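Each chain is listed here by its residues.
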Amino acid sequence: MCGIIGYIGEREKKEFLINGLKELEYRGYDSAGIATFKNGHISSYRALGKLENLIHKTDLFSSDGFGLGIGHTRWATHGKPTEINAHPHCGEFSHIIHNGIIENHREIKKNLLSKGVKFLSQTDSEVIVHQFEKFISEGMDAKKAFKNTIEIVQGAYAILLITKDEPDTIFFAKSRVPLMLGTNRKKEKFMSSSDAPLMGHATEVVYLEDGEYGWITKDEISIFADEQLVTPKFITLKKNKIHAQKNGFRFFMEKEIYEQSNVISETFMGRVSNDSIELEELNNIDFNNIDSIKICACGTSYHAGLVATYLFERLSKIKCQVEIASEFRYKEPLLDKKTLFLSISQSGETADTLEALKIAKIAGLTSLAICNVDNSSIVRLSDVTLLTRAGIERGVASTKAFATQVATLWLLALYIGKNRKTISKEKMRTEIEALLRIPSVLVVKNSTHEKIKRLSKRYLHGHGFFFIGRDIFFPLALEGALKLKEISYLHAEGYPAGEMKHGPIALVDSELFTIALMPQTILYDKIKNNVEELSARDATILAISPKKLNLADDFIKTSNQSHPMSEFFEMMIIMQILALEIAVRLGNDIDMPRNLAKSVTVE
Ligand code: F6R
């Protein structure tokens, strides 16, 4: 996810901005840039890749003395990670940096193009600076032009803008993406997307609310909402940097669990309208010419793939198989050119998935990647990519990467269904309604977390866990078991609930913990029977369900959802938190569990 920094004052701006961007590196990025403004002149530098490249490029540049500056690290979502797409984006006399996604950028761009405006990048962000300058050319002053621009853009944004029209000012706006302002005794002014870069510099900060915008000069901070001036609520800035990077959470994994509601909104952004799914990346694939899908992935990504097999067959009415990439590689697979090859990978660097993709390419299959990292090896090799937009994931145990993979696959299933005309208008509408509810389903309730924390103390021993579920809740059970294994080091297995009686039931006794995923929207009575079979043999049962189950030893009540995917995402979070709290009680390293690596680039 992108990072933003801004400054007004006497310091060496280049140094301050680049040091600030270093503090935001933990958010992940693929390019970076700065622009400074002094004595009527804007100097702008951008570089692809690590900050070192930007430092190298700005080696001979200095910007001391009073002035202002803005800096940005970019995590590509619209347009490839290239220098041209890096921020700041410039018009003729203004520069902007932007985090988030401008959902209506196409309409704005079309309108500006028709008026002769020239665009340089493939980003959605560039429309902001051109729209702003367009308003100025129509006679507005900078403040009015900025306000009008903010009224036009829709979506998520944290924006900083500088312009020669108001040389002492940084304009800002915030909606659904974090942005904070700060100051200190020397009256320096700071802007940032998180606390870390401002620590040791700003003493007081204000966290902007959605819909707020305004401007800052060395003497004043003016914040508006609904055209009214807002009195900023400054608070003292805390001092612990690592704590700040974790946004106050104990672990990166915990922060990433809580972030899921926001990042999934980014996954959907610009791709979902009231009655349709638009995936412009796929415009060149003719889905009527494809008669099956082969998915290859590893670990958590494989589980997301397994969920997708249900969605593709059910919604898109297309045959679908998923294979573990390391198995696929050596099985001498028979491949058909009418099969779409779908690789799923958070990192885009997993060796087994990459090799599987190479096999599919050699066989002449069209390849589509579902990936979180643009320009990764898998993305570069694939014909097309859908980015999951989760932002960097620091916890080794994957959480938000999984959630956004499943969400992207759901979008894809609906998109293919639309193209193959296998989904009625009515069905599409209900699916989209359900989809748009997911961000709220993913908000973690304090009471739920507290309950899981308390329950976790009963699950620290025993001779193993069985996570059981049916349908899409079977891959979810696999994922729940994997999360627990990874960070608690306890033995756990995911199993299809109906399959327990075909062998594993022999293991059942009171020291075998069963985590039963019991949604009300899919096969509730069937799974209830399976749970009864286990209970009859004295298994200890933790039921996760909206319906109370008397024979369960423990019970986590979920909300009354009407769509299986809502139940899916709610139960996913519960299992992530359960794994986390058990591992915390066992005193394990949550973010860096033993023996595991974030990116597995070896066979
Ligand atoms: C589990 C986990 C791993 C990865 C697997 C594939 O929490 O993170 O199982 O899912 O190593 O990695 P990617 O998705 O990067 O291909």
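These figures come from a predicted structure and were not determined experimentally. (Residues numbered from 1 in each chain as written. Predicted model: local features only at pLDDT ≥ 70, side-chain atom pairs only at ≥ 80, totals over all residues. Heavy atoms only, no water.)

Below, the discussion takes up the packing of aromatic side chains. Within a pair of aromatic rings, the relevant descriptors are the distance that separates the centres and the angle that separates the planes. Using the criterion set out here, one finds 20 aromatic pairs in the structure. Ring centres 4.9 Å apart and planes at 45° place the aromatic pair Tyr45 and Phe61 in the tilted group. Taken together, the residues Tyr45 in strand E3 (residues 41-48) and Phe61 in the loop between helix H2 (51-57) and strand E4 (67-74) connect sequence positions 16 residues apart. Counting every residue linked through ring pairs, the aromatic cluster contains Phe132, Phe146, Phe171, Tyr213, Trp215 and Phe224. (Phe/Tyr/Trp six-rings, centres within 6.5 Å; stacked < 30°, edge-to-face > 60°. Helix = DSSP H or I, 4+ residues; strand = E, 2+ residues; numbered from the N terminus.)

Attention shifts here to the site of the ligand. Around the ligand sit 15 residues in total, of which Ser301, Ser345, Gln346, Ser347 and Thr350 are the nearest. Ser345 has a polar side-chain atom sitting 2.6 Å from an oxygen atom of the ligand. The protein chains hide 90% of the 400 Å² of surface that the ligand would expose on its own. If you list the elements that add at least two residues to the shell around the ligand, you get helix H8 (299-316) and helix H15 (473-488). A breakdown of the residues in the shell around the ligand according to their chemical character gives five nonpolar, eight polar and two charged. Domain assignment of the residues forming the shell around the ligand places at least three in each of domain 2 (252-441) and domain 3 (446-585). (Near = heavy atom within 4 Å. Polar contact = N/O pair within 3.5 Å; in protein donor to acceptor, adjacent residues only side chain to side chain. Areas by Shrake-Rupley, 256 points an atom, 1.4 Å probe, with all protein chains shown as cover. Nonpolar A, V, L, I, M, F, W, Y, C, P; charged D, E, K, R; others polar. Domains from an automatic or database assignment.)

Attention now moves to a positive patch on the surface. On the surface, a cluster of positive charge is made up of Lys451, Arg454, Lys457, Lys548 and Arg585. For Arg585, the location among the structural elements is in helix H17 (residues 564-585). (Patch = residues over 30% accessible without salt bridge, like charges linked within 9 Å, V, L, I, M, F, W, Y side chains within 5 Å. Salt bridge = Lys/Arg side-chain N within 4 Å of Asp/Glu carboxyl O. Lys, Arg positive; Asp, Glu negative; His and termini not counted. Charge placed at Lys NZ, Arg CZ, Asp CG, Glu CD.)

Whenever strands of a sheet pair, they do so through backbone hydrogen bonds, lying parallel or antiparallel. Across the sheet, which stays open at both edges, the seven strands sit in the order E5-E6-E7-E8-E12-E13-E14 with antiparallel pairing between neighbours. The open sheet is flanked by strand E5 (89-90) and strand E14 (228-230), the only strands paired with a single partner. With three bridges connecting them, strand E13 (residues 221-225) and E14 associate as antiparallel partners. Residue pairing for E14: Phe224 is matched across the bridge by Leu229. Running at roughly 130° to strand E6 (residues 94-102), helix H4 (residues 126-137) makes contact with E5, E6 and strand E7 (155-163) of the sheet. Relative to the sheet, helix H5 (residues 142-152) contacts E7, strand E8 (170-175) and strand E12 (213-216), its axis offset from that of E8 by approximately 20°. (Pairing = 2+ DSSP bridges. Contact = heavy atoms within 4.5 Å. Axes fitted to C-alpha atoms, helices over the stretch in contact; angles between N-to-C directions.)

Right, let's talk about the nonpolar core for a bit. Core analysis: the largest hydrophobic core is formed by 93 residues, its most contacted members being Leu282, Phe312, Trp410, Leu412, Phe465 and Phe569. Residues lining this core come from more than one domain, with at least three contributed by each of domain 2 (252-441) and domain 3 (446-585). Grouped together as the second largest cluster of nonpolar side chains are 27 residues, Phe135, Ala142, Ala145 and Ala173 included. (Core = buried A, V, L, I, M, F, W, Y, C linked by side-chain atoms within 4.5 Å. Buried < 20%, exposed > 50% of the residue type's maximum accessible area, 1.4 Å probe, protein only.)

Our focus in this paragraph is the domain arrangement of the chain. Each assigned domain of the chain is listed with its residue range as follows: domain 1 (3-244), domain 2 (252-441) and domain 3 (446-585). Between the C-alpha centres of domain 2 and domain 3 there is a distance of 26 Å. Domain 2 puts 28 residues into the contact, and the matching count from domain 3 is 26 residues. The junction of domain 2 with domain 3 conceals about 2,300 Å² of combined surface from both sides, 71% of it contributed by carbon and sulfur atoms. Looking at the side of domain 2 facing domain 3, the largest losses of area belong to His303, Tyr310 and Val441, adding up to 22% of the total buried there. Linking domain 2 to domain 3 there are one salt bridge. A salt bridge links Asp471 to Arg314; its shortest N-O distance comes to 2.6 Å. If you list the elements that add at least two residues to the side of domain 2 that touches domain 3, you get helix H7 (252-268), H8, helix H12 (400-419) and helix H13 (425-441). A per-element tally of the side of domain 2 that touches domain 3 places H8 first, with eight residues. Residue classes in the side of domain 2 that touches domain 3 are distributed as 18 nonpolar, six polar and four charged. (Buried area = accessible area lost by both parts, 1.4 Å probe.)

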